[in-house]
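Spelled out, the chains give:
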Amino acid sequence: MFFVMEKMPTYIIEHLEPKVYEWCFIEYKQISRIVGKKNLWITNTKNQTLNHYARVIPKSAAGLHLNNVCLLDPAAKKELTPEEARHFQYFVFGGILGDYPPRKRTEVELTQKFSQGTATRNVGKEQMSTDHAVAVVKEIVQGKKLSALKFQDQLEIHMKEGESMLLPYRYLLIKGKLLVSKELLEYLKKKKGF
Ligand SMILES: C[S@@+](CC[C@H](N)C(=O)[O-])C[C@H]1O[C@@H](n2cnc3c(N)ncnc32)[C@H](O)[C@@H]1O
């Protein structure tokens, strides 16, 4: 009996914040847990402490001359489907922290850096954190349709009595459970806001 081993795609996070803030670091660690260190590249940063979690490449992914690339952009016109997802070799995401209302930073700072013919897809129009967008793409690569996935809109974090923080983004639910790292919750409680 033969088994055809499909090659795992590479997930690329193009870091686009002025520095690797603690929040970014926690998200990148979570992405490494989701897709595995050997399938993750973090580009456009010289921060070598991230090499415990990914291959770190100081150059922009746009300068790496990669073929078979799909850019993930909430402003893209087409939605990513399982049929096409399994043919892409690289998925590139913006290492951008959420902003509300969204300022289309992905389109301006990521999509426009790549040549015009590069495939650009959304996974819905709602804004997700980078780690959740990666988790959704991984599910789609594994054959799930976006419409079959479950989400929660907004995350309320209870701080202390009477105080809470609302994150206005879309979050993936896996078996009814929210995919949020304990480390992020602790960090946000400690930070007490944005
Ligand atoms: C927190 S989002 C930043 C979005 C940014 N505010 C904007 O308006 O473009 C971080 C990254 O996750 C990915 N992402 C988040 N939601 C997405 C969606 N609905 N479709 C495709 N990619 C998404 C994109 O790669 C994006 O750059």
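Calculation notes
- Residues numbered from 1 in each chain as written.
- Predicted model: local features only at pLDDT ≥ 70, side-chain atom pairs only at ≥ 80, totals over all residues.
- Heavy atoms only, no water.
- Pairing = 2+ DSSP bridges.
- Helix = DSSP H or I, 4+ residues; strand = E, 2+ residues; numbered from the N terminus.
- Contact = heavy atoms within 4.5 Å.
- Axes fitted to C-alpha atoms, helices over the stretch in contact; angles between N-to-C directions.
- Near = heavy atom within 4 Å.
- Polar contact = N/O pair within 3.5 Å; in protein donor to acceptor, adjacent residues only side chain to side chain.
- Areas by Shrake-Rupley, 256 points an atom, 1.4 Å probe, with all protein chains shown as cover.
- Nonpolar A, V, L, I, M, F, W, Y, C, P; charged D, E, K, R; others polar.
- Phe/Tyr/Trp six-rings, centres within 6.5 Å; stacked < 30°, edge-to-face > 60°.
- Buried < 20%, exposed > 50% of the residue type's maximum accessible area, 1.4 Å probe, protein only.
- Core = buried A, V, L, I, M, F, W, Y, C linked by side-chain atoms within 4.5 Å.
- Salt bridge = Lys/Arg side-chain N within 4 Å of Asp/Glu carboxyl O.

Attention now moves to the sheet that holds strand S9 (residues 164–174). Across the sheet, three strands lie side by side as S8-S9-S10; this open sheet has antiparallel pairing. For this open sheet the edge positions go to strand S8 (150–158) and strand S10 (177–178), each flanked by a neighbour on one side alone. The strands touched by helix H4 (residues 130–141) within the sheet are S8 and S9, with S9 carrying the most contacts at an inclination of about 15°.

Turning next to the site of the ligand. Around the ligand, a shell composed of 23 residues is seen, among which Leu72, Asp99, Thr106, Gly124 and Glu126 lie nearest. The contact in question runs from an oxygen atom of the ligand to an N or O atom on the backbone of Leu72, over 2.7 Å. Burial of the ligand by the protein amounts to 99% of the accessible area it has alone, namely 570 Å². Elements that contribute at least two residues to the shell around the ligand include exactly strand S6 (90–95), helix H3 (105–109), strand S7 (119–122) and H4. Partitioned by chemical class, the residues of the shell around the ligand number nine nonpolar, seven polar and seven charged.

Relative to the helices and strands, Ile157 is located in strand S8. For the pair Ile157 and Lys189, spaced 32 residues apart in sequence, the C-alpha separation works out to 7.8 Å. Sequence-distant contacts of Ile157, defined by excluding residues within four places in its chain, comprise Glu163, Ser164, Met165, Leu167, Leu185, Leu188 and Lys189.

Next up on the list: the packing of aromatic side chains. Scanning the entire structure with this criterion turns up six aromatic pairs. Judged by centre distance (6.4 Å) and plane angle (25°), the ring pair of Tyr11 and Phe93 falls under stacked. With Tyr11 in strand S1 (residues 10–15) and Phe93 in strand S6, this residue pair connects regions lying 82 residues apart in the sequence. Each member of the pair, Tyr11 together with Phe93, is buried. Here Trp41 and Tyr90 contribute two aromatic rings whose centre-to-centre distance is 5.6 Å and whose plane-to-plane angle is 50°, an arrangement assigned as tilted. With Trp41 in strand S2 (residues 40–43) and Tyr90 in strand S6, this pair connects stretches of sequence that are 49 residues apart. Each member of the pair Trp41 and Tyr90 is classed as buried. Chaining the aromatic ring pairs together yields one cluster made of Tyr11, Phe88, Phe91 and Phe93.

Looking at soluble globular proteins, one finds that nonpolar side chains tend to be buried together. Ranked by size, the top nonpolar core spans 45 residues in total, and within it Tyr11, Leu80, Phe91, Phe93, Val123, Val137 and Leu167 carry the most contacts. The next biggest cluster of nonpolar side chains, apart from the first, holds 12 residues, and it includes Leu16, Ile57, Leu110 and Phe114.

This brings us to the sheet that holds strand S5 (residues 78–79). Here seven strands make up an open sheet; going across it, the order is S3-S2-S1-S6-S4-S7-S5 and the pairing parallel. Across the chains shown, the open sheet's two edge strands, defined by having one partner strand only, are strand S3 (55–57) and S5. Sheet analysis places S2 next to S3, joined by three bridges and oriented parallel. Bridge pairing in S3 links Trp41 to Arg55. Packed onto the sheet, H4 meets S1, strand S4 (69–72) and S6 and runs at close to 165° relative to S6.

Right, let's talk about the pattern of salt bridges for a bit. Inspection of every chain in the model, using the stated rule, returns 10 salt bridges. A salt bridge links Lys113 to Glu14; the nearest nitrogen and oxygen atoms lie 2.5 Å apart. Taken as a pair, Lys113 in the loop between H3 and S7 and Glu14 in strand S1 lie far apart in primary sequence, 99 residues in all. Take Lys113: its relative accessible area is 34%, and that puts it in the partly exposed class. Connected through salt bridges with shared partners, the residues Glu17, Arg105 and Glu109 form a single ionic network.

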